[in-house]
Amino acid sequence: MVGLCILAGIFCILQVSILRGVAIAQVTPDIVLAIVVYTGLFHEKVGIWFGFASGTFIDLYSSSFGYNALIYTIIGYGIGVLSSKIYKEIPFLWIILLFGCGLVHDVVIFAVEQGLSSYSLGRYIIPGVLYTTIVGVGMFYILRRSRV
Amino acid sequence: MGKGVKLQFIVLVIICLILIGIGNTGVAPKFQLRVASIFTPLSEWASFLFNEFKIRHENKVLRTKLAELSLRNQMLTSLQYENEELRKLLEFKARESHKLIAARVVGREPGPISGICIVDKGLADGVEENLPVVTINGIYGKVIEVMKEKALVQTIFNFNFRVAAVDLRSGVQGIVRWDEEKGYVLEQVAVNSDVEVGDEIITSGIGSVFPKGMRIEKVKEKNVDKTRLFYEVSLEPACKFSEVEGVFIVKPESIGVGEKLIPETPAWRIYMEAREEETKEEVKKIKKTELPSLPGREEEEFPIEFQVPEPIIRAPE
């Protein structure tokens, strides 16, 4: 659990600093979301706290103050509730969860910050969520093998 | 999940809603900057490691650019000298110059469009609220909150960001804002205004944050908007602002009449000495020229006296 906390902290720092360096067409993966989904899925009781803490951290660098904390908390809790009712080790399930949560997060944040449009959906949100899903699935594999 | 977790969830959601409430007040930027500055050493360190290679390459490019600009600067120095002389002759009022404070972006909003970012310069470096922030390619944003060593910058991608602008060629005025679909857009330009594709758009100086003359972008295309009263002018982006790492905070500083806008350089000194010699010779020539005396007036000494005034040199910072 300590390892996961440190990892989440590192991911938060990376998300607000250098992750822009791996942007493809201005789109970056949301590795904080991926770690919140992972924690909710495999450590259900603490997922909610990981969601709240990392969301609050992201909010410090965000123009939509408070919204990231709310969405990540709901995601952490929601995935935690779901995890007790499903078999977790299916990669397809990881893809669905990452994609769904990423979509909800980005749609809400865009709606609050810029106003949602079909253009922003096609240009930023969907590519961003796909990028997050690909990176997140890779991350899930590594974390499962490391037994974190 | 037990009742305890449900209770925790409800409490956390309430806290989040309070945070959103705080976000809707003016307190949020101050709070954000104060807390974020605790973590900025970590993000600075991460950025430093990541950017080392990038900076090396950038350094080479900048050296070339610096050489080009130095040459251009030498030409401009001579023009500036002449301009100042003329200003003095016309008794112009003191004009404003600007000091650039170089800063590094140490934290930015995640996501494709960064509406705010944190830079590593603050009150200790002379940064104040509402100072413009620029890159070598154009304006980038403005400072909205300052601490001792950090500042929060509202970037041009922020939905609330606006800057008054003017067409350099025709003088047509408008307001520039960021549109996620069209990029920079120049608004409030009446139909039939003289705006052409390729025109350079600069800040107009209206609004007191951005001084006049800062480059924004060039006109890419113009269309009549839905109301058919205004042009919707799209501007061509000169660089990817999402990749910006280094910025300059522009601090105005007043410069008096006769003071040099730039520190004295060897090239400038040589130019000035040559100019002084030239002027003296010119005066001698004119004095030697025989002018017809006016009827009814006594012959008087030639009244024109050329003097190259001693400039007040500002000590380089």
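Shown above is the structure to which this text applies.
Residues numbered from 1 in each chain as written. Chains lettered and ligands numbered in written order. Predicted model: local features only at pLDDT ≥ 70, side-chain atom pairs only at ≥ 80, totals over all residues. Heavy atoms only, no water.

Asker: Hey, could you go over the overall build of chain A for me, with residue numbers and the actual values?
Answerer: Each helix and strand counted, chain A has six helices and zero strands in total. Entry remark: accessible area of chain A is about 5,900 Å², with carbon and sulfur atoms responsible for 73%. (Helix = DSSP H or I, 4+ residues; strand = E, 2+ residues; numbered from the N terminus. Areas by Shrake-Rupley, 256 points an atom, 1.4 Å probe, with all protein chains shown as cover.)

Asker: Which residues make up the interface of chain B and chain A, and what values go with them?
Answerer: Across the boundary between the two partners, chain B contributes 44 residues, which contact 40 residues of chain A. Across the interface of chain B and chain A, roughly 4,100 Å² is buried in total on both sides, 69% from carbon and sulfur atoms. Applying the counting criterion to the chain B and chain A interface returns zero salt bridges. Along the contact surface separating chain B from chain A lie seven residue pairs in polar contact (both at pLDDT 80 or more). Looking at the side of chain B that touches chain A, the elements with two or more residues in it are helix H1 (3–23), helix H2 (28–89), strand E1 (95–108) and strand E2 (116–119) of chain B. (Contact = heavy atoms within 4.5 Å. Buried area = accessible area lost by both parts, 1.4 Å probe. Salt bridge = Lys/Arg side-chain N within 4 Å of Asp/Glu carboxyl O. Polar contact = N/O pair within 3.5 Å; in protein donor to acceptor, adjacent residues only side chain to side chain.)

Asker: Residues and numbers for the pairing of strand E11 (residues 230–236) of chain B, please.
Answerer: Residues and elements named next belong to chain B. Alignment of strand E8 (residues 183–190) against E11, held across four bridges, turns out to be antiparallel. Along E11, the bridge assignment pairs Val189 with Tyr231. Counting the residues in the hairpin turn of strand E10 (residues 215–224) and E11 gives five residues, including Arg228, whose phi is positive at 65 degrees. (Pairing = 2+ DSSP bridges.)

Asker: Mind laying out the nonpolar core, listing which residues take part and the relevant values?
Answerer: Grouped together as the largest cluster of nonpolar side chains are 44 residues, with contacts concentrated most on A:Ile35, A:Val37, A:Phe57, A:Ile75 and A:Phe140. Taken together, the elements giving at least two residues each to this core come down to helix H1 (2–16), helix H2 (31–42), helix H3 (44–59), helix H4 (67–83), helix H5 (91–113) and helix H6 (118–145) of chain A together with H2 and E2 of chain B. Residues A:Tyr124, B:Phe157, B:Ile201 and B:Val233 belong to the second largest nonpolar core, which totals 29 residues. (Core = buried A, V, L, I, M, F, W, Y, C linked by side-chain atoms within 4.5 Å. Buried < 20%, exposed > 50% of the residue type's maximum accessible area, 1.4 Å probe, protein only.)

Asker: Account for the packing of H2(A) against H3(A), naming residues and giving values.
Answerer: All names here are of chain A. Viewed as axis vectors pointing N to C, H2 and H3 meet at an angle of 165 degrees, and their least axial separation amounts to 6 Å. Here H2 lies roughly antiparallel to H3, going by the angle between them. Crossing angle aside, the handedness with which H2 passes H3 is left-handed. Touching Val32, Val36, Thr39, Gly40, Leu41 and Phe42 of H2 are Glu44, Val46, Gly47, Phe50, Gly51, Ser54 and Ile58, all from H3. Residue classes in the contact of H2 with H3 are distributed as seven nonpolar, five polar and one charged. (Axes fitted to C-alpha atoms, helices over the stretch in contact; angles between N-to-C directions. Parallel < 35°, antiparallel > 145°, perpendicular 65-115°, else oblique. Left-handed = near helix turned anticlockwise from the far one by under 90°. Nonpolar A, V, L, I, M, F, W, Y, C, P; charged D, E, K, R; others polar.)

Asker: Break down the packing of H4(A) against H5(A) for me, citing the residues and quoting the values.
Answerer: A pair of packed helices can be characterised by two numbers: the angle between their axes and the separation between those axes. All names here are of chain A. Packing of H4 against H5 leaves a shortest axis separation of 11 Å and a crossing angle of 160 degrees. The orientation of H4 with respect to H5, classified from their angle, is roughly antiparallel. Classified by chirality, the crossing of H5 by H4 is right-handed. Contacts between H4 and H5 involve Tyr67, Asn68, Ile71, Tyr72, Ile75, Ile79 and Leu82 on the former and, on the latter, Leu97, Cys101, His105, Val108, Ile109 and Val112. Grouping the amino acids of the contact of H4 with H5 by side-chain chemistry returns eleven nonpolar, two polar and no charged.

Asker: If you had to explain H5(A) to someone new, which residues and values would you point to?
Answerer: Each full turn of the α-helix corresponds to 3.6 residues, which orients residues three or four apart in the same direction. Residues and elements named next belong to chain A. When the terminal C-alpha atoms of H5 are compared, their 32 Å separation across 23 residues agrees well with the 33 Å that a helix rising 1.5 Å per residue should span. Taken together, the buried positions of H5 are occupied by Leu93, Trp94, Leu97, Leu98, Cys101, Gly102, His105, Asp106, Ile109, Phe110 and Glu113. Tucked inside the fold, the buried residues of H5 contact H2, H4 and H6. Within two residues after H5, Gly115 carries a phi angle of roughly 95 degrees, on the positive side. (Expected span 1.5 Å × (residues − 1).)

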